[in-house]
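In case you want the letters, here they are:
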Amino acid sequence: LKENIVDANSQWNDIKAVQVRNFNFKDDSSTKLLGVVAQEIESVSAGLVTDIPDKDPTTNEDLGTVTKTVKYSVLYMKAIKALQEAMARIETLESKVATLEGS
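Because the structure is predicted, anything quoted here is derived from the model rather than measured.

S.K.: I would appreciate a short explanation of the packing of aromatic side chains in the present structure.
M.R.: Aromatic ring pairs are defined here through the distance separating the ring centres and the angle between the ring planes. Counted by the stated rule, this structure contains two aromatic pairs. Seen in terms of ring centroids, F23 and F25 are 5.6 Å apart; in terms of plane orientation they differ by 85°. Their pairing is edge-to-face. A centroid spacing of 5.9 Å and a plane angle of 40° characterise the contact between Y72 and Y76, whose relative ring orientation is tilted. Here Y72 pairs with Y76, and both are found in helix α3 (residues 72-102), just four residues apart, close to one helical turn. The ring of W12 is capped by R89, whose NZ or CZ atom sits 3.6 Å from the centre of that ring.

Written out as structure tokens, the structure reads:
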């Protein structure tokens, strides 16, 4: 089902720039959450954010405002790629340390 499969570019800098936050939603101050703020993520990687038009729950009319949402599935894939990069860097450093300790 897939074609044109190539390795993804480095995600190191994007993931490094992501700020993970503790927060709560205004309508539920008792529930503390861990996550990201869409407006902050948008400045790192605009493709990770989608604008969803706000609608009146009763009439379904467009209210003329939007709520920003994060595409977490894409963020997770970026994080996996950055983790793979970090693992490769660690393995390289471990090899260098082993070489230095052996000499």
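S.K.: Any chance you could explain the pairing of strand β3 (residues 49-55) here in plain terms?
M.R.: Put simply, side chains in a regular strand alternate between the two faces of the sheet. Of the strand pairs in this sheet, β3 and strand β4 (residues 62-70) are connected by six bridges, and their pairing is antiparallel. Bridge pairing links P53 to V66 in β4. Two successive antiparallel strands, β3 and β4, enclose a turn made up of six residues, where N60 displays a positive phi of approximately 65°.

S.K.: Sorry if this is basic, but what is going on with the layout of surface pockets here?
M.R.: Gaps left between atoms show up when a probe the size of a water molecule is rolled over them. Roughly 260 Å³ of internal volume is contained in the largest pocket. Lining the largest pocket we find F23, F25, V36, V37, A38, Q39, V66, T67, K68, T69, V70 and Y72. Elements with a contribution of two residues or more to the lining of the largest pocket: β1 (21-25), α2 (38-44) and β4. Looking at the lining of the largest pocket residue by residue, the classes come out as eight nonpolar, three polar and one charged.

S.K.: How should the environment of S10 be read in this particular structure?
M.R.: Position of S10 among the secondary structure elements: in the segment before α1 (12-17). Only 3.2 Å separates the side chain of S10 from the backbone nitrogen of W12, close enough to count as a polar contact. Engagement of the side chain of S10 in a polar contact is seen with the side chain of E85, the distance being 2.7 Å.

S.K.: For this particular structure, what's the right way to read the pattern of salt bridges?
M.R.: If the charged atoms of two oppositely charged side chains come close together, the side chains can form a pair. A full pass over the atoms with the stated rule returns four salt bridges. Between K68 and E42 there is a salt bridge whose closest N-O contact spans 3.2 Å. Separated by 26 residues along the polypeptide, K68 in strand β4 and E42 in helix α2 bring together distant segments of the chain. Assessed through its relative accessible area of 27%, K68 is described here as partly exposed. For E42, a relative accessible area of 28% gives the class partly exposed. With a closest N to O distance of 3.1 Å, K68 and D51 form a salt bridge. Placement of the pair is K68 in strand β4 and D51 in strand β3, with a sequence separation of 17 residues. For D51, a relative accessible area of 40% corresponds to the partly exposed category.

Rules behind the numbers
- Throughout this description, residue numbers start from 1 for each chain and increase along the sequence as written.
- Reporting in this predicted model follows two pLDDT cut-offs: at least 70 for local features of residues, and 80 or more for side-chain atom pairs to be given and counted; totals over whole chains, interfaces and linings ignore these cut-offs and use all residues.
- The basis for every side-chain value is the complete set of heavy atoms in the structure, and neither hydrogens nor water enter the calculation.
- Between 30 and 60 degrees the pair is tilted, below 30 it is stacked and above 60 it is edge-to-face, where a pair is any two Phe, Tyr or Trp rings, Trp via its six-membered ring, whose centres lie within 6.5 Å.
- Only DSSP runs of H or I reaching four residues or more are called helices, and only runs of E reaching two or more are called strands; each is numbered from the N terminus.
- A ring is considered to have a charge above it if a Lys NZ or an Arg CZ atom is located within 6 Å of its centre and within 35 degrees of its normal.
- When DSSP locates at least two bridges between a pair of strands, those strands are taken to pair.
- In the cavity and pocket records, a cavity denotes points on a 1 Å grid over the protein atoms alone where a 1.4 Å probe fits but cannot get out, a pocket denotes an open set with protein on both sides within 12 Å along at least 5 of 7 lines, and lining residues are residues with an atom within 4 Å of a point.
- Grid points are joined across faces, edges and corners, and a volume is the space filled by probe spheres set on the points.
- Under this grouping Gly is polar, as are all residues other than the nonpolar Ala, Val, Leu, Ile, Met, Phe, Trp, Tyr, Cys and Pro and the charged Asp, Glu, Lys and Arg.
- What qualifies as a polar contact is a pair of N or O atoms within 3.5 Å, subject to a donor-acceptor requirement within protein and to the restriction that residues adjacent in sequence count only when both atoms come from side chains.
- A carboxyl oxygen of Asp or Glu within 4 Å of a side-chain nitrogen of Lys or Arg is what we treat as a salt bridge.
- Three exposure classes are used, based on accessible area relative to the maximum for each residue type with a 1.4 Å probe and protein chains only: buried under 20%, partly exposed in between, and exposed over 50%.

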